[in-house]
Amino acid sequence: MGSIAGLIGGGIVYYINSEHGFWPAAGGFAKQFLYNVFIAGFNIKTCEKLSKKIESKKGSLIASTIIPTAQAFAITYGIHELGGTPEAFDSSIWQVYVNLPLFFVLGLMYRKKAERENINLTN
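Fair warning: this is a prediction, and the values are worked out from it, not measured in the lab.

(A) Just the overall build of the protein chain, in detail. Secondary structure summary: the protein chain contains 5 helices and 0 strands in total. Reading the secondary structure of the protein chain in the N-to-C direction produces α-α-α-α-α. When the backbone C-alpha atoms are referred to their principal axes, the protein chain occupies close to 55 × 20 × 20 Å. When each of the 123 residues of the protein chain is scored for burial, the buried share is 37%. Put simply, of all contacts in the protein chain between residues at least 6 apart along the chain, 66% involve residues at least 24 apart. Put simply, the protein chain shows about 7,000 Å² of open surface, and 69% of that area lies on carbon and sulfur atoms. Separation of charge centres in the protein chain, based on 11 positive and 8 negative side chains, amounts to 14 Å.

(B) Structural context of the side chain of Asn-36. Here Asn-36 is to be found in helix 2 (residues 22–38). Judged by its relative accessible area of 12%, Asn-36 is buried. Look past the residues within four positions of Asn-36 in its chain and what remains in contact with it is Gly-2, Ala-5 and Gly-6.

(C) Representation of the layout of surface pockets. By volume, the largest pocket amounts to about 450 Å³. Ala-5, Asn-36, Ala-40, Asn-99 and Leu-102 are, among the 22 residues lining the largest pocket, the residues nearest its centre. Counting only elements with at least two residues in the lining of the largest pocket, the list comes to helix 1 (2–17), helix 2, helix 3 (40–53) and helix 5 (88–116). If you tally residues by element for the lining of the largest pocket, the top one is helix 5, at 8 residues. Looking at the lining of the largest pocket residue by residue, the classes come out as 15 nonpolar, 7 polar and no charged.

(D) Region of the structure containing the packing of aromatic side chains. Taken as a whole, this structure holds 6 aromatic pairs when the rule is applied. When the centroid spacing of 4.9 Å and the interplanar angle of 75° are considered together, the rings of Phe-22 and Trp-23 count as edge-to-face. Given the relative accessible area of 49%, Phe-22 is considered partly exposed. The class of Trp-23 is exposed, set by a relative accessible area of 69%. Taking 6.3 Å as the distance between ring centres and 75° as the angle between the ring planes, the aromatic pair formed by Tyr-77 and Phe-89 counts as edge-to-face. One end of the pair, Tyr-77, is in helix 4 (residues 57–83); the other, Phe-89, is in helix 5, with 12 residues separating them in the sequence. A relative accessible area of 30% places Tyr-77 in the partly exposed class. On the basis of relative accessible area, Phe-89 is assigned to the partly exposed category, the value being 44%.

Scoring rules and cut-offs
- Residues numbered from 1 in each chain as written.
- Predicted model: local features only at pLDDT ≥ 70, side-chain atom pairs only at ≥ 80, totals over all residues.
- Heavy atoms only, no water.
- Helix = DSSP H or I, 4+ residues; strand = E, 2+ residues; numbered from the N terminus.
- Buried < 20%, exposed > 50% of the residue type's maximum accessible area, 1.4 Å probe, protein only.
- Contact = heavy atoms within 4.5 Å.
- Areas by Shrake-Rupley, 256 points an atom, 1.4 Å probe, with all protein chains shown as cover.
- Lys, Arg positive; Asp, Glu negative; His and termini not counted.
- Charge placed at Lys NZ, Arg CZ, Asp CG, Glu CD.
- 1 Å grid on protein atoms, 1.4 Å probe; cavity = no way out; pocket = protein on both sides within 12 Å on 5 of 7 lines; lining within 4 Å.
- Points joined across faces, edges and corners; volume = space filled by probe spheres on them.
- Nonpolar A, V, L, I, M, F, W, Y, C, P; charged D, E, K, R; others polar.
- Phe/Tyr/Trp six-rings, centres within 6.5 Å; stacked < 30°, edge-to-face > 60°.

That's the geometry; what it means functionally is another story.
Right, dumping it as structure tokens:
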């Protein structure tokens, strides 16, 4: 899944940076691809833990949506900015629009699964 997401995300970042030439755009692609392969799972796990650990259902959904989305933006922006991607902000901000609904749905699914399995949500 990380490789597929990396190809899609990398393609978007390549397109965003394509006006700067092949090598800068390819560098942005590579950074985004590697982020998706190696780091994106961390954000998904954060979403899962928050949705299960926070007692309030509303609170858990808000936290499991906002925190991983912010993490994803901060990490990708840092990677692109420090790595010299020409359009670092634009290469990162698009993920917010994808991640907000994605993490909301994932948080809801993890929460419902935990409730079905009767997991103690406070531990």
